[in-house]
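Breakdown of the fold
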Amino acid sequence: MSRVQNRQLRSKITTAAEAATLIRPGHNVGMSGFTGAGYPKQIPSALAAQIKAAHDRGEEFTIGLFTGASTAPELDGVLAEVDGINFRTPYQSDPIMRRKINDGTSEYADIHLSHLAPMIWTGSLGNLDTAVVEVTAVHEDGELVPSSSIGNNKTFLDRADQIILEVNSWQSADLEGMHDIYYGTRLPPERQPVMLTHTGDRIGQRNYRVDLDKVVAVIETDAPDRNTPFKAADADSQQMAGYFLEFLTHEVKQGRLPKNLLPLQSGVGNVANAVLAGLAEGPFDYLTSYTEVIQDGMVDLIDAGKMSVASATAFSLSPEYAERMNTEARRYRDKIVLRPQEISNHPEMIRRLGVIACNGMIEADIYGNVNSTHIMGSRMQNGIGGSADFTRNSFISAFVTPSVAKGGAISCIVPMVSHHDHTEHDVQVLITEQGLADLRGKSPKQRAKLIIANCAHPTYRPLLEDYFERALKVCNGLHTPHDLRSSLSWHQRFLETGTMAPA
């Protein structure tokens with residue numbers, strides 16, 4: 001039975017190929033999707049075919065693409081493959097999309113996830129011509145039941161000139177009631193406090209409201225989300241997780257954190273999963289999470305009775321756990337809240353709730369500055385995502401990385417980062433498999449000694465010590481000593497020889 005219950009929208013059901021023709025060259029298009037959850041499954045490939053046909057005829061056809069965050073190969077990948085994206089924001093992780101950004105085919109604005117919705121409302125990124133949004137169902141009154149991610153969908157639906165809906169019956173109908181769609185955000189000077197004071201608070205409505213006259217096409221699909229299995233945590237990840245959990249335990253003993261900690265935020269990956277696994281075995285109960293994505297480990301914590309509520313904007317689940325969520329969504333509805341990312345990543349919320357943030361990075365320097373986006377200074381990897389939303393505003397901000405990469409050819413602790421994303425003022429804790437450096441209340445020189453001793457790999461530790469001692473002698477001021485002639489020489493050496501280590 002069709003999940004499109006509204007008569008007006010049922011009359012607009014069509015094929016993806018027909019709907020894609022409504023997207024024209026030069027359109028700015030907002031598409032749903034956050035990680036591999038809730039992205040449109042049919043329109044992107046149909047649009048890619050249309051773009052390729054235009055290119056084969058010698059015609060220009062590209063679009064500007066806005067999303068919640070990264071999506072899936074069936075969206076970013078297929079459109080990038082046909083050179084269909086002239087502008088992309090705010091975050092991506094697809095290898096084809098990444099290549100097009102780095103070879104100059106596509107322009108990319110690496111925007112904080114909390115910033116995009118207000119920028120769309122102000123029009124500072126241009127007009128939003130089309131929204132393509134996946135939903136779970138359309139009610140008789142025209143309300144749209146959100147899918148497995150929310151991201152920027154509310155803003156796309158509000159601001160786009162025209163809307164194309166994909167109604168996906170693969171998504172569990174029992175997801176309804178898990179979402180909290182807040183319609184109270186305003187632009188300055190009308191902005192008001194967001195009255196969310198506890199992680200599980202619901203301050204909005206269950207479903208999207210939409211101007212039905214703007215909906216120009218409806219596609220019915222039953223295609224699954226692209227869910228990628230997580231790798232088992234390796235020894236380094238388990239070691240880093242262990243250091244972080246020891247740190248949290250110490251903070252509780254010192255009276256700086258409550259026994260159930262504060263709401264947790266973690267990036268996606270092996271270390272995050274290892275931390276969550278450690279929490280399942282640790283002494284903390286009644287945990288909460290205020291984060292971007294619900295991961296497997298959070299579902300396990302809920303099932304074990306260790307986590308009472310988790311708030312996010314999307315799922316990022318392995319295939320096994322996605323199937324569990326689809327089957328048992330009703331059981332999780334009072335323990336999981338999915339919100340628009342302008343609320344999940346809202347600085348006001350993160351600061352008020354006192355979030356404990358833990359994110360990955362590419363490299364850190366000896367003074368605690370962090371690069372989380374660029375390889376060797378110029379090459380974009382994925383983007384800043386929401387890491388800075390949480391880092392700048394959290395109660396405790398931690399970053400994790402192995403101490404070396406590329407089999408030891410790269411040190412992830414360097415004299416000076418080749419690109420700055422998070423400054424030393426926002427970074428409180430650094431963790432590698434070598435150890436943990438608590439940087440709070442330390443001067444730059446004190447931080448340098450601590451990071452080199454605790455976080456650097458033994459192969460590179462003497463080289464960092466030598467750099468620091470040399471910088472003390474040649475710098476023009478002793479607050480943050482640098483030898484500017486050699487501060488980025490490690491990166492240059494890698495580009496020229498394939499390793500940061502000197503011959």
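An account of the accompanying structure is given in this report.

Procedures and definitions
Residues numbered from 1 in each chain as written. Predicted model: local features only at pLDDT ≥ 70, side-chain atom pairs only at ≥ 80, totals over all residues. Heavy atoms only, no water. Helix = DSSP H or I, 4+ residues; strand = E, 2+ residues; numbered from the N terminus. Rg over C-alpha atoms; globule rule 2.2 N^0.38 Å. Buried < 20%, exposed > 50% of the residue type's maximum accessible area, 1.4 Å probe, protein only. Contact = heavy atoms within 4.5 Å. Lys, Arg positive; Asp, Glu negative; His and termini not counted. Charge placed at Lys NZ, Arg CZ, Asp CG, Glu CD. Phe/Tyr/Trp six-rings, centres within 6.5 Å; stacked < 30°, edge-to-face > 60°. Axes fitted to C-alpha atoms, helices over the stretch in contact; angles between N-to-C directions. Parallel < 35°, antiparallel > 145°, perpendicular 65-115°, else oblique. Nonpolar A, V, L, I, M, F, W, Y, C, P; charged D, E, K, R; others polar. Pairing = 2+ DSSP bridges. Polar contact = N/O pair within 3.5 Å; in protein donor to acceptor, adjacent residues only side chain to side chain. Core = buried A, V, L, I, M, F, W, Y, C linked by side-chain atoms within 4.5 Å. Salt bridge = Lys/Arg side-chain N within 4 Å of Asp/Glu carboxyl O.

Moving on, we come to the overall build of the protein. Secondary structure summary: the protein contains 17 helices and 25 strands in total. Relative to the compact-globule value of 23 Å for 503 residues, the protein shows a C-alpha radius of gyration of 23 Å, a close match. Put simply, the protein has 503 residues, and 57% of those count as buried. Sequence separation of 24 or more characterises 73% of the internal contacts of the protein that already satisfy a separation of 6 or more. Charge separation in the protein, taken as the distance between the mean sites of 47 positive and 59 negative side-chain charges, equals 4 Å.

The next thing to look at is the packing of aromatic side chains. Enumeration over the complete set of coordinates arrives at three aromatic pairs. Between F66 and F87 the ring centres are 6.0 Å apart and the planes differ by 85°, which places this aromatic pair in the edge-to-face class. Remark: F87 occurs in strand 3 (residues 85–89) and F66 occurs in strand 2 (residues 63–66); sequence separation between them is 21 residues. Judged by relative accessible area, F66 falls into the buried class, the value being 1%.

Glancing now at helix 4 (residues 73–81). The set of residues buried in helix 4 consists of L75, D76, G77, L79 and A80. Along its buried surface, helix 4 packs onto strand 1 (28–31), helix 3 (43–56), strand 2, strand 3 and helix 5 (95–102). Just downstream of helix 4, D83 is the residue with a positive phi angle, here 55°.

Next up on the list: the packing of helix 9 (residues 270–281) against helix 10 (residues 296–303). Running from N to C, helix 9 and helix 10 point in directions that differ by 10°, and their axes come no closer than 8 Å. In terms of their interaxial angle, helix 9 and helix 10 are classed as roughly parallel. The residues of helix 10 that touch helix 9, namely those facing L276, L279 and A280, are G297, M298 and L301. Partitioned by chemical class, the residues of the contact of helix 9 with helix 10 number five nonpolar, one polar and no charged.

Once that is clear, we can look at the packing of helix 3 against helix 4. Orientation of helix 3 relative to helix 4, taken along the N-to-C sense of each, is 5°, at an axis distance of 9 Å. By the angle between their directions, the pair helix 3 and helix 4 is classed as roughly parallel. In this structure, helix 3 uses P44, S45, L47, A48 and I51 to contact helix 4, whose residues at the interface are E74, L75, V78 and L79. Taken together, the residues of the contact of helix 3 with helix 4 sort by class into seven nonpolar, one polar and one charged.

Moving on to the sheet that holds strand 16 (residues 363–365). Taken together, the three strands give an open sheet; going across it, the order is 17-16-23, and neighbouring strands pair in mixed fashion. The sheet is open, and its two borders are formed by strand 17 (370–371) and strand 23 (413–414), each paired with just one other strand. Examined bridge by bridge, strand 16 and strand 23 share two bridges and lie parallel to one another. Pairing of A364 across the sheet is with I413, part of strand 23.

Attention now goes to unusual backbone geometry. A cis geometry characterises the amide bond from T89 onward to P90, with omega recorded as 5°. Locating P90 in the fold gives a position in the loop between strand 3 and helix 5. Note that the residue after P188, namely P189, is joined by a cis bond; omega there is 10°. The phi dihedral of K406 falls on the positive side, at around 55°, and the residue is not glycine. Position of K406 relative to the elements: it lies in the loop between strand 21 (404–405) and strand 22 (410–411).

Let us look at the side chain of D76. Mapped onto the secondary structure, D76 falls in helix 4. A polar contact is formed between the side chain of D76 and the side chain of T71, at a distance of 2.8 Å. Apart from residues no more than four positions distant in its own chain, D76 is found in contact with L65, T71, I85, R88, Q92, D94 and M97.

Attention now moves to the nonpolar core. Counting residues in hydrophobic clusters, the biggest one holds 71 residues, and the most contacted among them are L261 and L279. Ranked by residue count, the leading element in this core is helix 8 (residues 235–253), at seven residues. Apart from the residues within four sequence positions on either side, L261 is in contact with L248, V252, L279, F284, L287 and I356. Grouped together as the second largest cluster of nonpolar side chains are 36 residues, A46, L79, I164 and A314 included.

Turning our attention to the pattern of salt bridges. By the definition in use, this model includes 27 salt bridges. Between D174 and R330 there is a salt bridge; the shortest N-O distance is 2.9 Å. Here the residue D174 occupies a position in the loop between strand 7 (162–168) and strand 8 (215–221), and R330 occupies one in helix 11 (residues 319–332), the gap between them amounting to 156 residues. Looking at R330, the relative accessible area reads 52%, which means it is exposed. Here R339 ties to D180 by a salt bridge, and the two come within 3.1 Å at their closest N and O atoms. Here D180 lies in the loop between strand 7 and strand 8 and R339 lies in the loop between strand 14 (336–338) and helix 12 (341–344), a separation of 159 residues in the sequence. Exposure remark for R339: the relative accessible area of 0% places this residue in the buried category. Look at the salt bridges and you will find they share partners, linking D300, D303, R324, E328 and R331 into a network.

It is worth spelling out the pairing of strand 12 (residues 307–312) at this point. Here strand 12 lies mainly inside the structure; five of its six residues are buried. Sheet analysis places strand 10 (residues 287–290) next to strand 12, joined by four bridges and oriented parallel. By the bridge assignment, Y290 is partnered in strand 12 with S311. Where strand 12 and strand 14 come together, three bridges link them in parallel fashion. Across the sheet, A310 pairs through a bridge with I336, a residue of strand 14.

Fair warning: the whole summary comes from geometry, so function is off the table for now.
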